[in-house]
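# Examining the three-dimensional arrangement
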Amino acid sequence: MAGRNGRTVRDLRRGNRTAVLQRLYFDGPLSRFELGPATGLSSGSVSNVVADLIADGLVEEAGSVDSDGGRPRTLLRVAPRSGQMIGVDVGETRVRVELFDLALTELARVERPLTPQGYDAEVIARHIRDGVAEVLTAEEAAPDRLLGVGIGVPGIVEHTPDRGAVVHGQTIGWDAVPLERLLRSASPLPEEVPYFIDNGAKTLGQAEMWFGAGRGADNAVVVLFGSGVGACLVTPEVEHGRAVEWGHLTVRVRGRRCRCGAPGCLEAYAGAESLLARWREEGGRPPEDTDEETALTAMLAAAYPPEGTAPDPVALAVLEETAEYLGAGLSDLINLFQPERILIGGWAGLQLGTRFLPAVRRHAATYALRHPADKVTIDLGRLGPDAVTVGAAILPLAEFFAGGGRRPEPAAEDRPPAWRAALRQRAPH
């Protein structure tokens, strides 16, 4: 039955379960007494919801604390083993697949390296399918409790009713790739297990806002600096973040050709791929036959050698110019969105950050309007190179919370054992 506002009893129950689960997850362990003020629910509603969640195996006791003159209060927490999620990072140099429990403790990991020409959609889809199958055969995996698979990809993700998630990744040669359909076509996972596919900068932003340097901020921009560059905008109006194609902001008219095909993009000057190319074009000597991460490490070592050794002037000049381009690009984000915080993540951002973050801050302040620039802080992300995978795993976790702790339901009684058998056959040996 629906009330005057259109909400049914089921909606109310789901909302109450969501409120309790989220408070326990982010602020727990908490007692029933503390859950009332934290959620705005009455003590009776809290008791009923907690009893339901304990019966469902989603909440468990976590010790007790003394109360003022009364009996000790039992503490509660979300049960970490009651669900699992998979996060996938389709990065520039590898596909990383990780299995997590509800507390986002890593249980298993698989990585598949990519060559510079490795963005064939079928190859990527096969890496993801095989990686998912492999992590789900790990000793601590519980496929029956899998909440979903979250995937961070480069490019714009469009969700369509007929083809599912479609990826427009111009920089990697993907033109409306129906990635979700490719994954479903040969997947050992049952239909009821959802895929959540989104831009990698957005999943990075989701992770930093939930658990990293963005926690507590209402307004932030999280920057992904890898082979290319991207960003995620989080505001009160865009609570879960919106991917921003910041790397394709024009910073120089008739400038260098970006890998998207347009001239003068920020990514053509600030991405790791272009940074190494500029070093080579200016007479530098990047190591041959190696991946970008190793080459960038070598460039940093050349520009910032041990004390008493002369730096490579070309490498140093390119890095200093890159810091100015990044600062100028950040100034546009400051002027447009006036964020409280800007956080820099991604493998290249984390490698370079400690070296040139002061210069980036200085250039951003020079190019930005003074008032918003005075109110923003620019820092590195805190979650390290796994942030995209963690953020991808958060996508099914957020859906789980929004549904009040609803798990995907198997289509038939015998599905779980059949599913496990399919995974064992699928996983590489």
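All residue numbers here refer to positions counted from 1 along the written sequence of the relevant chain. In keeping with the predicted nature of the model, local features appear solely for residues at pLDDT of at least 70, side-chain atom pairs appear and are counted solely at 80 or more, and the whole-chain, interface and lining totals rest on all residues. Only hydrogens and water are removed before side-chain values are computed, so all heavy atoms of the structure are retained for them.

### Re the overall build of the chain
The secondary structure listing takes helices from DSSP runs of H or I that are at least 4 residues long and strands from runs of E that are at least 2 residues long, numbered from the N terminus. A count of helical and extended segments in the chain gives 14 helices and 16 strands. A radius of gyration in this sense is built from C-alpha atoms; the matching globule rule multiplies 2.2 Å by the number of residues raised to 0.38. Computed over C-alpha atoms, the radius of gyration of the chain comes to 24 Å, within 12% of the 22 Å expected from 2.2 N^0.38 for 429 residues, which places it in the range of a compact globule. Taking the principal axes of its C-alpha atoms as reference, the chain extends roughly 70 × 55 × 50 Å. Taken over 429 residues, the chain has a buried fraction of 53%. For the chain, the share of sequence-separated contacts (at least 6 apart) that also reach a separation of at least 24 residues comes to 60%. Distance between charge centres in the chain, computed from 46 positive and 57 negative side chains, equals 4 Å. Whether a residue is buried, partly exposed or exposed follows from its accessible area with a 1.4 Å probe, protein chains only, as a fraction of its type maximum: under 20%, in between, or over 50%, in that order. Contacts: residue pairs with any heavy atoms within 4.5 Å of one another. Note on charges: Lys and Arg go in the positive column, Asp and Glu in the negative column, and His and the chain ends are not counted at all. Every charge is mapped onto a representative atom, which is NZ of Lys, CZ of Arg, CG of Asp or CD of Glu.

### A few points about the nonpolar core
Grouping buried Ala, Val, Leu, Ile, Met, Phe, Trp, Tyr and Cys residues that are joined through side-chain atoms within 4.5 Å yields what is termed a nonpolar core. Grouped together as the largest cluster of nonpolar side chains are 48 residues, with contacts concentrated most on Val-223, Trp-246, Leu-296, Met-299, Leu-330, Ile-342 and Leu-352. Counting residues per element, this core draws most heavily on helix 10 (residues 313-337), at 9 residues. Grouped together as the second largest cluster of nonpolar side chains are 36 residues, Leu-99, Ala-141, Val-149 and Val-167 included.

### Here's the deal with the domain arrangement of the chain
Domain delimitation follows an automatic or database domain assignment. According to the domain assignment, the chain contains domain 1 (10-78), domain 2 (84-203 + 386-403) and domain 3 (213-380). Of note, the centres of domain 2 and domain 3, computed from C-alpha atoms alone, are 26 Å apart. At the junction of the two partners, domain 2 supplies 12 residues and domain 3 supplies 18 residues. The contact between domain 2 and domain 3 buries some 1,100 Å² in all, and 58% of this surface belongs to carbon and sulfur atoms. Whenever a carboxyl oxygen of Asp or Glu lies within 4 Å of a side-chain nitrogen of Lys or Arg, that contact is scored as a salt bridge. At the junction of domain 2 and domain 3, the tally comes to 1 salt bridge. Put simply, Glu-293 and Arg-94 hold a salt bridge, and the shortest N to O gap is 2.9 Å. Throughout this description, a polar contact denotes any pair of N or O atoms lying within 3.5 Å of each other; where both atoms belong to protein, one of them has to be capable of donating a hydrogen while the other can accept it, and for residues adjacent in sequence the pair is counted only when both atoms sit in side chains. Run the count over domain 2 and domain 3 and you get 3 residue pairs in polar contact (both at pLDDT 80 or more). Top contributing element to the side of domain 2 that touches domain 3 by residue count: helix 6 (residues 200-211), with 3 residues. Charged means Asp, Glu, Lys or Arg here, nonpolar means Ala, Val, Leu, Ile, Met, Phe, Trp, Tyr, Cys or Pro, and polar covers whatever is left, Gly included. When grouped by side-chain class, the residues that make up the side of domain 2 that touches domain 3 number 3 nonpolar, 6 polar and 3 charged. Throughout, buried area stands for the accessible area (probe radius 1.4 Å) lost by two parts on being put together, summed over both.

### Some remarks on the pattern of salt bridges
Under the defined criterion, the tally for this structure stands at 21 salt bridges. Close ionic contact of Arg-96 with Asp-386 constitutes a salt bridge, the shortest N to O distance being 3.4 Å. Taken as a pair, Arg-96 in strand 5 (residues 94-101) and Asp-386 in the loop between strand 16 (377-380) and helix 13 (387-402) lie far apart in primary sequence, 290 residues in all. Take Arg-96 and Asp-386: they sit in the same class, and that class is buried.

### What about the packing of aromatic side chains?
The aromatic pairing rule takes the rings of Phe, Tyr and Trp, using the six-membered ring of Trp, and pairs them if the centres are within 6.5 Å, calling planes under 30 degrees apart stacked, those over 60 edge-to-face and the rest tilted. Taken as a whole, this structure holds 8 aromatic pairs when the rule is applied. Centroid distance Tyr-25 to Phe-211: 6.1 Å. Interplanar angle 65 degrees. Geometry classified as edge-to-face. Pair noted here: Tyr-25 is in helix 1 (residues 9-27) and Phe-211 is in helix 6, with a separation of 186 residues, a long-range link.

### Re unusual backbone geometry
Of note, the bond from Gly-28 into Pro-29 is cis; its omega dihedral lies within 30 degrees of zero at 5 degrees. You can see Pro-29 is positioned in the loop between helix 1 and strand 1 (30-31). For Leu-104, which is not glycine, the phi torsion reads 60 degrees and is therefore positive. When you line up the elements, Leu-104 lands in the loop between strand 5 and strand 6 (106-113). We classify Leu-104 as buried; its relative accessible area is 16%. Of note in this structure, Gln-338 is not a glycine but carries a positive phi near 45 degrees. By secondary structure assignment, the location of Gln-338 is in the loop between helix 10 and strand 15 (341-345).

### Structural notes on the sheet that holds strand 10 (residues 174-177)
By this definition, two strands are paired if DSSP reports at least two bridges between them. Read across the sheet, 3 strands follow the order 8-9-10 without closing on themselves; strand pairing throughout is antiparallel. Strands at the two margins of the open sheet, each flanked by one partner only, are strand 8 (156-160) and strand 10. Averaged over all pairs of adjacent strands, the angle between strand axes in this sheet comes to 20 degrees, irrespective of strand direction. Where strand 9 (residues 164-169) meets strand 10, 2 bridges bridge the pair, whose relative direction is antiparallel. Among the inter-strand pairings, Val-167 is bridged to a residue of strand 10, identified as Val-177. Axis geometry follows a simple rule: fit a line to the C-alpha atoms, using only the stretch in contact for helices, then measure angles between N-to-C directions, giving values from 0 to 180 degrees.

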